[in-house]
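# Coordinate inspection notes
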Amino acid sequence: MVTSREPTEADHIAGSAEAANLLMHLFAQRDIGNFQAQLCPVRDVLDQIGDRWTMLVVMALAAKPHRFSELGRAIPDISKRMLTETLRDLERNGLLTRSVFPTKPPSVEYRLSNAGQSFLVPLATLVKWADRMHATIVRSRAEYDVRADVGSAGNGKPAAVPRSVDDASMKPA
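Quick summary incoming for the structure in this document. (Residues numbered from 1 in each chain as written. Predicted model: local features only at pLDDT ≥ 70, side-chain atom pairs only at ≥ 80, totals over all residues. Heavy atoms only, no water.)

## A word on the overall build of the protein chain
The helix and strand tally for the protein chain stands at seven helices and three strands. When the helices and strands of the protein chain are read in sequence order from the N terminus, they spell out α-α-α-β-α-α-β-β-α-α. Within the protein chain, the fraction of its 173 residues that count as buried is 16%. Intrachain contacts of the protein chain at a sequence separation of at least 6 include 41% that bridge at least 24 residues. If you sum the accessible surface of the protein chain, you get close to 13600 Å²; carbon and sulfur atoms cover 59% of it. (Helix = DSSP H or I, 4+ residues; strand = E, 2+ residues; numbered from the N terminus. Buried < 20%, exposed > 50% of the residue type's maximum accessible area, 1.4 Å probe, protein only. Contact = heavy atoms within 4.5 Å. Areas by Shrake-Rupley, 256 points an atom, 1.4 Å probe, with all protein chains shown as cover.)

Here it is in structure tokens:
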């Protein structure tokens with residue numbers, strides 16, 4: 001009998017190491033001498049799906065198809081203009097389909113396409129990670145802000161935060 005359990009910290013560390021190795025391998029596969037950012041598939045796809053509105057619209061459509069006004073209610077802080085642009089981009093990228101029904105007035109329904117459905121797996125992983133790490137991230141931001149305020153030169157701008165121990169040990173010439 002197989003029982004499921006919540007992943008432990010060791011599981012996360014092992015998974016992180018495996019993921020880091022995979023990402024380093026993929027990154028190293030680029031042809032550095034001929035690299036062109038506009039042709040990079042990772043940048044191209046992430047630029048299209050990595051914004052806040054896209055992810056929220058996909059999350060809303062994960063449960064069921066929605067009409068425009070339903071999506072607006074499901075994501076109350078999105079403007080109509082941003083919702084329209086996001087839906088157009090998702091349709092253009094093949095992540096959703098738009099169906100127009102011959103009613104008076106015509107009604108339009110949006111649903112995830114097969115490609116959009118396949119995006120739910122990595123998106124769910126990211127959402128789960130964000131939920132798990134949110135308190136840690138908020139705490140880190142607060143700690144950083146305190147350090148930046150303490151180190152400010154009185155000009156309202158935060159002092160430079162050393163990036164590494166080597167940077168901290170460097171003295172101005």
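## Overview of the sheet that holds strand β3 (residues 107-112)
Pairing is antiparallel in the open sheet, where three strands are placed in the order β1-β3-β2. Of all strands in the sheet, those bounded by a partner on one side alone are β1 (66-67) and β2 (96-101). Alignment of β1 against β3, held across two bridges, turns out to be antiparallel. Opposite Arg 67, over in β3, you have Glu 109 as the bridge partner. (Pairing = 2+ DSSP bridges.)

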